[in-house]
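Fold and geometry: a report
Residues per chain, in single letters:
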Amino acid sequence: MTSSTIDLRMLADPALRADPYPLLAQLREASPLSLMDGALVVTGRHRDLAAILRHQNASSERQRSMVAPSGVPTGALSFLSLDPPDHTRLRRLVSSAFTPRVIAALRPRVTEVVDALFARVAEQGRMDVVDDLAYPLPVQIISEMLGVPREDDEQFRVWSGLLARALDPQFADPDPQRMAGAETARDEFDRYFSRLIAQRRAHPREDLLSLLVHAESEGDKLTESELLATCVLLLVAGHETTTNLIANAVLALLRNPDQLDALRARPELVEGCTEETLRYDAPVQLTTRVARGPLPVGDLELPEGGVVLMLIAAANRDPDVFDDPDRFDITRKPGGHLAFAAGIHFCLGAGLARLESAVVLDAFARRIVAPRLLGPVEYKANFTLRGPARLDVGFDGVTT
């Protein structure tokens with residue numbers, strides 16, 4: 001595979017949705033690849049991604065790009081798409097809600113929610129892991145943290161799905177309807193949170209939304225547009241990727257029964273199971289950065305405004321870093337994967353995602369009797385965020 005033969009639309013091929021990793025391996029071995037007369041560089045090498053994610057000239061402000069950006073709706077940007085000093089200021093105002101102490105205190109509530117979800121399916125002998133477990137847990141927890149009504153969860157799911165589709169680069173699906181759907185979803189989210197923000201200004205509560213509305217740090221407060229962008233980010237990112245993480249983990253365990261047996265025998269491996277899933281089948285498969293100055297990518301250099309497409313899922317299976325990288329092994333020494341990015345944009349919600357995944361996987365291994373896959377796995381249409389759309393699992397019972 002060379003720059004002259006690569007067609008990035010292959011990444012969006014529905015036929016590869018179930019297993020994109022052979023293609024990702026080819027792209028990694030050919031990396032870095034220079035396309036569009038050097039304006040776009042693609043890499044799947046771990047050493048390249050680890051360096052770029054920490055490089056001072058790697059910008060997250062994708063509107064700087066000389067290449068057509070992904071179809072993320074325009075408007076106020078969340079701190080995920082900002083550079084310092086704006087990124088630093090906004091992230092600081094939010095980070096107090098995601099400290100290790102705050103996250104650890106959530107464990108009893110997360111456990112309570114998981115127990116209730118298992119109780120709902122106990123008599124059925126089967127469940128859709130996505131609808132019955134992987135989606136409702138993280139959306140309930142982040143909704144409770146923010147202080148948004150639970151009865152709106154299904155509406156969030158529709159809007160979040162439209163926004164998730166818009167994260168796919170436009171080379172994959174330059175579809176005006178997809179872009180219009182994302183714009184509509186963002187407008188609906190903004191109207192929804194505008195009402196809640198007005199309520200919290202008048203009547204604060206003990207929730208994250210009230211904290212954000214009234215937050216100040218070194219004289220700074222969030223503007224209305226910054227509040228809206230932050231709320232949308234927290235709600236969508238707070239459940240979309242964790243849903244994929246949990247579903248990907250359960251699927252990997254069922255396809256590798258020796259690893260499920262190992263987890264049952266050694267419950268202390270549950271954190272390792274989460275980390276291995278993040279490496280082996282990353283919920284976020286790729287991301288981009290824009291050069292705001294000379295940006296080295298391997299032996300290439302991006303010009304100002306050039307874009308680097310970083311294949312996280314390929315880097316997480318780089319044989320230069322991981323032994324036998326295509327094997328799912330929950331006893332693998334943890335560390336090294338880039339599923340949560342690195343540098344100043346390291347995922348703020350990583351601790352919460354890890355907690356939710358660990359509680360679910362521990363309970364699944366201990367309590368679900370004789371689980372087995374039922375039928376083929378259906379994947380979501382988007383490929384930047386990877387996870388099953390449906391995952392049917394049968395079982396003989398649910399223990400207490």
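A brief look at the structure comes next. (Residues numbered from 1 in each chain as written. Predicted model: local features only at pLDDT ≥ 70, side-chain atom pairs only at ≥ 80, totals over all residues. Heavy atoms only, no water.)

Let us look at the packing of helix α9 (residues 176-202) against helix α11 (residues 224-237). When two helices pack together, their arrangement is given by the angle between the helix axes and by the axis-to-axis distance. Two elements in contact, α9 and α11, have axes whose closest approach is 9 Å; the angle formed by their N-to-C orientations is 110°. Relative to α11, the element α9 lies roughly perpendicular. The interaxial crossing formed by α9 with α11 has right-handed handedness. For the pair α9 and α11, the contacting residues are R186, F189, D190, F193, S194, I197 and R201 in the first and E224, L227, L228, A229, C231, V232, L235 and V236 in the second. (Axes fitted to C-alpha atoms, helices over the stretch in contact; angles between N-to-C directions. Helix = DSSP H or I, 4+ residues; strand = E, 2+ residues; numbered from the N terminus. Parallel < 35°, antiparallel > 145°, perpendicular 65-115°, else oblique. Left-handed = near helix turned anticlockwise from the far one by under 90°. Contact = heavy atoms within 4.5 Å.)

To continue, consider α11. With 14 residues, α11 should cover 20 Å at 1.5 Å per step; its first-to-last C-alpha distance of 20 Å lies within 8% of that length. Extensive coverage of α11 is indicated by the burial of 11 of its 14 residues. Of all the positions in α11, only E226, L227, L228, A229, T230, C231, V232, L233, L234, L235 and V236 are classed as buried. Taken together, the buried residues of α11 touch α3 (86-95), α7 (136-146), α8 (153-166), α9, α10 (208-214) and α12 (240-255). (Expected span 1.5 Å × (residues − 1). Buried < 20%, exposed > 50% of the residue type's maximum accessible area, 1.4 Å probe, protein only.)

What follows deals with the side chain of T287. Inspection of the secondary structure puts T287 in strand β5 (residues 287-291). Polar side-chain contacts of T287 include one of 3.4 Å to the side chain of R62. Excluding residues within four positions of it along the chain, T287 makes contact with R62, V308, L309, M310 and I312. (Polar contact = N/O pair within 3.5 Å; in protein donor to acceptor, adjacent residues only side chain to side chain.)

On to the packing of aromatic side chains. Counted under the stated rule, the structure contains 9 aromatic pairs. Each ring, one from W159 and one from Y192, has its centre 6.2 Å from the other, and the planes form 70°; the classification is edge-to-face. Pair noted here: W159 is in helix α8 and Y192 is in helix α9, with a separation of 33 residues, a long-range link. The pair W159 / Y192 is uniform in exposure class, with both members buried. Its end group placed over the ring of Y21, R317 keeps NZ or CZ at 3.6 Å from the ring centre. (Phe/Tyr/Trp six-rings, centres within 6.5 Å; stacked < 30°, edge-to-face > 60°. Lys NZ or Arg CZ within 6 Å of the ring centre and 35° of its normal.)

Below, the discussion takes up the sheet that holds strand β13 (residues 392-394). Pairing in this open sheet of 3 strands is antiparallel, and the strands run β4-β13-β10 from one edge to the other. Among the strands making up the open sheet, the edge pair consists of β4 (126-128) and β10 (372-373). The pairing of β10 with β13 spans 2 bridges and is classified as antiparallel. Looking at β13, one finds that L373 is bridged to V393. (Pairing = 2+ DSSP bridges.)

The next point concerns the sheet that holds strand β3 (residues 58-59). Taken together, the 5 strands give an open sheet; going across it, the order is β1-β2-β8-β5-β3, and neighbouring strands pair in mixed fashion. Looking at strand neighbours, the two that pair on one side only are β1 (33-35) and β3, the edges of this open sheet. Bridge count between β3 and β5: 2 bridges; the pairing is antiparallel. Across the sheet, A58 pairs through a bridge with A291, a residue of β5.

Residue alternation in strand β2 (residues 40-43) divides its side chains into two sets, L40 and V42 and V41 and T43, and both sets are buried. With 3 bridges connecting them, β1 and β2 associate as antiparallel partners. When the sheet's bridge partners are listed, S34 is paired in β2 with V41. Linking two consecutive strands that pair antiparallel, namely β1 and β2, is a turn of 4 residues; a positive phi of about 55° is found at M36 within it. The pairing of β2 with strand β8 (residues 307-310) spans 4 bridges and is classified as parallel. Opposite L40, over in β8, you have V307 as the bridge partner.

Cis rather than trans, the peptide bond between S31 and P32 has omega equal to -5°. By the secondary structure assignment, P32 is in the loop between α1 (21-30) and β1. Each neighbour pair has its own omega, and for P84 with P85 the value is 5°, a cis peptide bond. The topology assignment puts P85 in the loop between β3 and α3.

Within β5, 5 of the 5 residues are buried, which leaves it mostly tucked inside the rest of the structure. Summarising the sheet, β5 and β8 pair through 4 bridges and their orientation is antiparallel. Within the sheet, the bridge partner assigned to T287 lies in β8 and is M310.

This part takes up the nonpolar core. Counting 86 residues, the largest nonpolar core has F98, L137, F189 and F193 as its most contacted members. Dropping the residues within four chain positions of it, F189 is found in contact with F156, W159, S160, L163, V232, L235 and V236. Residues A30, V67, L311 and A314 belong to the second largest nonpolar core, which totals 23 residues. (Core = buried A, V, L, I, M, F, W, Y, C linked by side-chain atoms within 4.5 Å.)

A complete count under the given rule lists 27 salt bridges for this structure. Ionic pairing is found between R279 and E276, a salt bridge with its closest N-O pair at 2.9 Å. Highlighted residues: R279 and E276, both in helix α14 (residues 270-280), separated by 3 residues, approximately one helical turn. Like E276, R279 is buried. Taking the shortest distance from any N to any O, the salt bridge between R317 and D326 comes out at 3.1 Å. Accessibility expressed as a relative area gives 52% for D326, which makes it exposed. Each member of the salt-bridge network shares a partner with another, and the members are R109, E112 and E144. (Salt bridge = Lys/Arg side-chain N within 4 Å of Asp/Glu carboxyl O.)

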